[in-house]
Amino acid sequence: MISTLAIMALGAIVLGAALGYASIRFKVEGNPLVEKIDAILPQTQCGQCGYPGCKPYAEAIGSGEAEINLCPPGGMDGVRKLADLLGREVKPLDAEEKPKQVAIIIEQTCIGCTLCIQACPVDAIVGAAKQMHTVVGSLCTGCELCVKPCPVECIVMEPIAENLDNWKWKYPVFEIRRAA
Amino acid sequence: MLSRLFKFNGGVKPQTHKAPSVELPIGQAPLPERCYVPLHQSIGGAANPAVSVGQSVLKGQVLGNADGWVSAAVHAPTSGTVVAIEAHVAAHPSGLPTLTAVIVPDGRDEWIDRQPIDHRHLAPEQVRELLRDAGVVGLGGAVFPSHAKLTAAKSIPVEHLVINGAECEPFMTCDDMLMRERAEDIVRGSAIFRELLGARQVLIGIEDNKPEAVAAMREAVSRLGEDYEVVAVPTRYPAGGAKQLIRVLTGKEVPASRRSTDLAVQCFNVATAYTAYRALAYGEPVISRIVTVTGNVEQARNWEVRLGTPMREVIALAQPKPGTHQYLMGGPMMGFEIPDLAAPVVKATNCLIAGSPALFPPPPPEMPCIRCGACAEACPHELQPFELYWFARARNFGKTQEYFIFDCIECGCCSYVCPSHIPLVQYFRFAKSEIWAREREKQAADAAKARFESRNAREQREAAEKAERLAKAAANRPARPVAEKADSSAPPSTAADGVGMTTSPAVANVDTEADPAPEATAIKQATIAAAMARARAQREAVQPKNTAALTDEQQRQIAAIDARRAAVAGQADSAPGAGDG
């Protein structure tokens, strides 16, 4: 009887020590789920979801306090991916889906106030005080954060047109009339 | 002589339709009224414009320089004046525009100063640069810059150099005619490639339905005293695919997502070898190519066409018969329908086909896949098209990659044999371009994230530096009695935010420094308000033009608009005033 207890106690101590060691040795920094959610989000850092950036929104989703349908730039595609990852139900997007856009500064009107430069989350606007500013199109995420601060309303958002670089083969579609 | 040839899996034997276009020798296409030379004519970077609008250019002058290593230069196809560098419809299934140099020929067709070069006196790197600057690219249709394929890996010496004259696509005879008429230059071009790669053996593969080309090439090889082997390979589509021809000639199978150079084999098209020789021995850059014009036409023939000639003019040479309802660029298996005949002939244009409902009957309606496996039997890459189809149709792109969709060469054998008439290749093209688009989006998102994070880090660092500066300035000033009081009430977070900001004068200083801040904000706001006023004044200062002779109707309209404007302005002015009050 005592030997049995001793064996069980020894086993418990050994296994407990092993588990305790493992929890320190293989400690996971941060929440891995948040990283996965963040990887799905489009990283426009636009704040349209109501959180100050993609990472905070990912954290909010991860902790269960935010819905998954708040990200307009991610679109329905993003909602579907998040639903897949989290095992939640797909919900319609809580805003209208927009085509990908790029900000353009109307340079004749720009007064060089640098307010848009401060607003841009990805440093995609170049310019200096009292100098004309311009948007580096390839870096612009289309987040629209620069539009509001502009005191002279010289920033417009333009949808990115189809060109040879982003052209895609279409999904094959056939006329039903011909097939009938 | 090779002891035996090898086989590749599958393949099909469509009707060749090659006979009509080989009756006449290669003709010289006339000079077009305007040449539209796209600056992006190869895989890789688009060439950077090297001429300006209004400049007169000579035949063979560089219009665009190669952008980076995987890119090739483009040249003026004739002498004349550059009248525009603008967007013009591209030779592409989308019919979208691309940056194009428009040249109005002066009719003199005057060459630049051509410098024949003996490549044997040059270092291999210099030869490669010359080929890049002469715009030599793979003319089989893939237009990959040739110089980039001529860099032999040090670890694997190239054993076989395969020269591809198989030309397996139906209708197409441009390589056939080139081999019949200009065999010697092709052999000499192959010699250049062989020297650059240090290949042990040169194999020239030609489908056995072209006996004249085989004979011409054999004769040229023996006349030049080379030890190349000209091999007639069995006619079976797609024997002209690089990996298939390598398999047939050497028995080596290129594994998934690897390159033939890993197996010590490199492959070039015959026309590429020809242009490489012309570029070095005659100093002539690639400004024209042989194009087969065939199909539902009166006179099918091969033409040597200047690059940039509008396709409409080239097709007119063959006199299309009535009943032509579409035009294809490339062969019927891998080509595409040209959306706009204003598109120019480019380096990838090997064949133009006038299609009639008799030649290309409309495809029967798509039926459900019955998983018969006929497509897998026909696939020359031993893929499983029925599985790929299933996943591509369901937009399950991860799975398509697991089934090696990127090894698909889009040869069309699967669609050809499908008893349910499913356009399988269209599904695969759709899946591939979707995957590329997602890849691009992912890269853009990663870049945006990195920039956002570095911006945040910079802002934090700047805030910390400012706090440190203030702390230092405060420490240099004599301490004030307020300091003690502030020290006890200082919130711990202030100390944590600043670096080394634990001294009491610092905190006091922050308190005192805070006073001028509202003043600065007020100044800033005033400046902004002034700027807004200026901008508005500028907008209003614009005087309308052409107001001399207006009709009564127009005057009335203008008056109405002005009244509306005044009303709106009045509202806008009163709104902020109300807010302030």
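Please read these numbers as outputs of a predicted model, since none were measured by experiment.

**Thoughts on the sheet that holds strand β9 (residues 160-164) of chain B**
Strand pairing within a sheet occurs via backbone hydrogen bonds; the two strands may be parallel or antiparallel. All names here are of chain B. In spatial order, the strands read β11-β10-β9-β12; together these four strands make up an open sheet with parallel pairing. Single-partner strands in this sheet number two, and they are β11 (229-233) and β12 (265-269). On average, each strand axis in the sheet is tilted by 25° relative to the strand beside it, whichever way the strands run. Bridging between β9 and β12 involves five bridges; their strand directions are parallel. Bridging from a neighbouring strand, I163 pairs with F268 of β12. Each of β9, β10 (201-207) and β12 touches helix α4 (residues 183-197); the most contacted strand, β9, lies at about 150° to it. This element, helix α5 (residues 211-223), spans β10 and β11 of the sheet and lies at about 170° to β11.

**Describing the interface of chain B and chain A**
Contacts between the two partners involve 25 residues from chain B and, on the opposite side, 28 residues from chain A. Secondary-structure elements contributing two or more residues to the side of chain B that touches chain A are α13 (424-476) and α17 (516-541) of chain B. Here the element with the most residues in the side of chain B that touches chain A is α13(B); it accounts for 13 residues. Taken together, the residues of the side of chain B that touches chain A break down into 14 nonpolar, five polar and six charged.

**Overview of the confidence of the model for chain B**
Residue and element names in this part refer to chain B. Residue-level pLDDT values for chain B average 87, and 90% of them are 70 or greater. Overall, residues 488-514 carries pLDDT values under 50, and its contacts beyond four positions in sequence, including any with other chains, amount to 45 contacts. Confidence drops under pLDDT 50 across residues 576-581; counting only partners more than four residues distant or on other chains, this segment forms zero contacts. Quick note on the complex model: pTM equals 0.79, ipTM equals 0.83.

**Considering helix α6 (residues 242-250) of chain B**
All names here are of chain B. Burial runs high along α6: nine of the nine residues are buried. On its buried face, α6 sits against β9, β10, β11 and β12. Positive backbone phi, at 80°, marks G251, one or two positions downstream of α6.

**A look at the environment of B:P320**
Residues and elements named next belong to chain B. The residue P320 is located in the loop between α8 (311-317) and β15 (326-329) in this model. It is 6.1 Å that separates the C-alpha atoms of P320 and E298, two residues lying 22 residues apart in sequence. If near-sequence neighbours (up to four positions away) are discounted, P320 is found in contact with N296, V297, I315 and A354.

**Overview of the packing of helix α2 (residues 32-40) of chain A against helix α4 (residues 75-86) of chain A**
Residue and element names in this part refer to chain A. Contact geometry for α2 and α4: axes closest at 10 Å, N-to-C directions at 160°. As summarised for this structure, α2 and α4 are arranged roughly antiparallel, according to the angle between their axes. Here α2 runs over α4; the crossing is right-handed. Seen from α2, the contacting residues are K36, I37 and I40; seen from α4, they are G78, K81, L82 and L85. Residue classes in the contact of α2 with α4 are distributed as four nonpolar, one polar and two charged.

**Description of helix α1 (residues 124-133) of chain B**
Buried within α1(B) are the following residues: B:V127, B:R128, B:L130, B:L131 and B:R132. Where α1(B) is buried, its residues touch α2 (146-149), α4 and α7 (270-282) of chain B.

**Examining the domain arrangement of chain A**
All names here are of chain A. Split by domain assignment, chain A resolves into domain 1 (32-86) and domain 2 (99-164). Taking the mean C-alpha position of each, domain 1 and domain 2 sit 25 Å from one another. Counting residues at the interface gives four residues for domain 1, matched by seven residues for domain 2.

**Side note on the environment of A:V102**
All names here are of chain A. Its location among the elements puts V102 in strand β1 (residues 101-105). With 18 C-beta atoms packed within 10 Å, V102 lands in the partly exposed category. As for V102 and V90, which are separated by 12 residues in sequence, their C-alpha atoms are 28 Å apart. Ignoring sequence-local partners within four residues, the contact set of V102 consists of G137, C140, G142, E158 and I160.

**What to know about the packing of helix α10 (residues 385-393) of chain B against α13(B)**
Residues and elements named next belong to chain B. Their axes nearest at 9 Å, the elements α10 and α13 cross at an angle of 55°. As summarised for this structure, α10 and α13 are arranged oblique, according to the angle between their axes. The two elements α10 and α13 meet at a crossing, and its hand is left-handed. Across the interface between the two elements, P385, L388, Y389, A392 and R393 of α10 pack against L424, Y427, F428, F430 and A431 of α13. Residues that form the contact of α10 with α13 fall into these classes: nine nonpolar, no polar and one charged.

**Some points on the pairing of strand β17 (residues 351-355) of chain B**
Residues and elements named next belong to chain B. Where burial is concerned, most of β17 is hidden: five out of the five residues are buried. Burial along β17 is two-sided: the face carrying C351, I353 and G355 and the face carrying L352 and A354 are both buried. Bridging between β15 and β17 involves four bridges; their strand directions are antiparallel. In the strand pairing of β17, Y327 is matched with A354.

**A word on the sheet that holds strand β7 (residues 80-89) of chain B**
Residues and elements named next belong to chain B. With antiparallel pairing, four strands are arranged side by side in an open sheet as β2-β8-β7-β4. Unpaired on one side and paired on the other, β2 (35-38) and β4 (56-57) mark the two borders of the sheet. Both β7 and strand β8 (residues 97-105) contribute to a ladder of nine bridges, which runs antiparallel. Directly across from V82, in β8, lies its bridge partner I103.

**Considerations on the environment of B:R182**
Residue and element names in this part refer to chain B. Summarising the element assignment, R182 is placed in the loop between α3 (174-181) and α4. For R182, a count of 20 C-beta atoms within 10 Å puts it in the buried group. Residues R182 and A216, 34 residues apart in the sequence, show an inter-C-alpha distance of 8.7 Å.

**Some thoughts on the nonpolar core**
Burial of nonpolar side chains together is a common tendency in soluble globular proteins. Grouped together as the largest cluster of nonpolar side chains are 131 residues, with contacts concentrated most on B:I206, B:M217, B:V291 and B:L352. Three or more residues apiece are contributed to this core by two domains, here domain 1 (118-283) and domain 2 (363-476) of chain B. Look past the residues within four positions of B:V291 in its chain and what remains in contact with it is B:C174, B:N302, B:W303, B:V305, B:V314, B:V345, B:T349, B:N350, B:C351 and B:L352. Core analysis: the second largest hydrophobic core is formed by 16 residues, A:C116, A:L145, A:C146 and B:A445 among them.

**Considerations on unusual backbone geometry**
All names here are of chain B. In this model, Y237 is joined to P238 through a cis peptide bond whose omega is -5°. By the secondary structure assignment, P238 is in the loop between β11 and α6. Positive phi outside glycine occurs at F171, with the angle close to 75°. Here H421, not a glycine, exhibits a phi torsion of approximately 55°, which is positive.

Calculation rules
Residues numbered from 1 in each chain as written. Chains lettered and ligands numbered in written order. Predicted model: local features only at pLDDT ≥ 70, side-chain atom pairs only at ≥ 80, totals over all residues. Pairing = 2+ DSSP bridges. Helix = DSSP H or I, 4+ residues; strand = E, 2+ residues; numbered from the N terminus. Axes fitted to C-alpha atoms, helices over the stretch in contact; angles between N-to-C directions. Contact = placed C-beta atoms within 7 Å. Nonpolar A, V, L, I, M, F, W, Y, C, P; charged D, E, K, R; others polar. pLDDT = per-residue confidence, 0-100. Buried ≥ 20, exposed ≤ 12 C-beta atoms within 10 Å, placed from the backbone. Parallel < 35°, antiparallel > 145°, perpendicular 65-115°, else oblique. Left-handed = near helix turned anticlockwise from the far one by under 90°. Domains from an automatic or database assignment. Core = buried A, V, L, I, M, F, W, Y, C linked by C-beta atoms within 7 Å.

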